[in-house]
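Fold and geometry: a report
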Amino acid sequence: MTAADRARLSDAIATFRPQFLAFTSKTAGQKFFDGKRDYGEQLELIGDTRVWILPSTSGAANGSWRPEVWHRFADAVRAAG
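In this report, the structure presented in the accompanying data block is examined. (Residues numbered from 1 in each chain as written. Predicted model: local features only at pLDDT ≥ 70, side-chain atom pairs only at ≥ 80, totals over all residues. Heavy atoms only, no water.)

Moving on, we get to the overall build of the protein. Along its length, the protein carries three helices and three strands. Going from N to C terminus, the protein has its helices and strands arranged as α-β-α-β-β-α. Whereas a compact globule of 81 residues would reach a radius of gyration of roughly 12 Å, the protein reaches 13 Å, a difference of no more than 12%. Summarising its shape, the C-alpha atoms of the protein cover approximately 35 × 30 × 20 Å along the three principal directions. Evaluated residue by residue, the protein yields a buried proportion of 30% over its 81 residues. Excluding contacts between residues fewer than 6 apart, the proportion of contacts in the protein whose partners are at least 24 apart in sequence is 51%. Entry remark: accessible area of the protein is about 5200 Å², with carbon and sulfur atoms responsible for 54%. With 11 positive and 9 negative side-chain charges, the protein shows a separation of 3 Å between the mean positions of the two kinds. (Helix = DSSP H or I, 4+ residues; strand = E, 2+ residues; numbered from the N terminus. Rg over C-alpha atoms; globule rule 2.2 N^0.38 Å. Buried < 20%, exposed > 50% of the residue type's maximum accessible area, 1.4 Å probe, protein only. Contact = heavy atoms within 4.5 Å. Areas by Shrake-Rupley, 256 points an atom, 1.4 Å probe, with all protein chains shown as cover. Lys, Arg positive; Asp, Glu negative; His and termini not counted. Charge placed at Lys NZ, Arg CZ, Asp CG, Glu CD.)

Okay, structure coming up:
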C-alpha cells in the first residue's frame, strides 16, 4: 500500500465518517499502518473512526481464525448504538 493509497482511504473515511473501519485482513491492516500490528482495536483513529484489524473469514486463512476478536468487535459496534 502506497502513501497515496493510505491518503485516499483516510480522505474517504474523513468524508463519510463511519463509526468503524474494519480490516478483515491482518496484512491489509499492517500495510495501512505501515508496520506490524495485532488483531483487535487499534489505538489510532481516523478522524473519529475507530479502526479494527480482524482475522480473515477466508477458508484459506482458517489457521488464524479467532472468533473472540470478531465477538469483541461486535460488542463494540453494539455498544456504540
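We are not done yet, so read on.
What tends to happen in soluble globular proteins is that the nonpolar side chains get buried as a cluster. By size, the foremost hydrophobic cluster in this structure holds 15 residues, and its most contacted members are Leu21, Phe23, Ile46, Val51 and Trp52. Mapped by element, the contributors of at least two residues to this core are strand E1 (20–23), helix H2 (26–33), strand E3 (49–53) and helix H3 (67–80). Residue contacts for Val51: discarding those within four places in its chain leaves Leu21, Phe23, Phe33, Gly40, Glu41, Gln42, Glu44 and Ile46. (Core = buried A, V, L, I, M, F, W, Y, C linked by side-chain atoms within 4.5 Å.)

A word on the pattern of salt bridges. Scanning the model with the defined rule gives seven salt bridges in all. Across the pair Asp38 and Arg66 runs a salt bridge, and its minimum N-O distance is 4.0 Å. Of this pair, Asp38 sits in the loop between H2 and strand E2 (40–46) while Arg66 is found in the loop between E3 and H3, placing the two residues 28 residues apart along the sequence. In this structure Asp38 comes out as partly exposed when scored by relative accessible area, which is 48%. (Salt bridge = Lys/Arg side-chain N within 4 Å of Asp/Glu carboxyl O.)

Attention now moves to helix H1 (residues 3–16). With 14 residues, H1 ought to run about 20 Å at 1.5 Å a step, and its terminal C-alpha atoms sit 20 Å apart, in line with that. The positive-phi residue at the C-terminal boundary of H1 is Arg17, with phi of around 50 degrees. (Expected span 1.5 Å × (residues − 1).)

Such coordinate-based values are descriptive only and should not be taken to indicate function.
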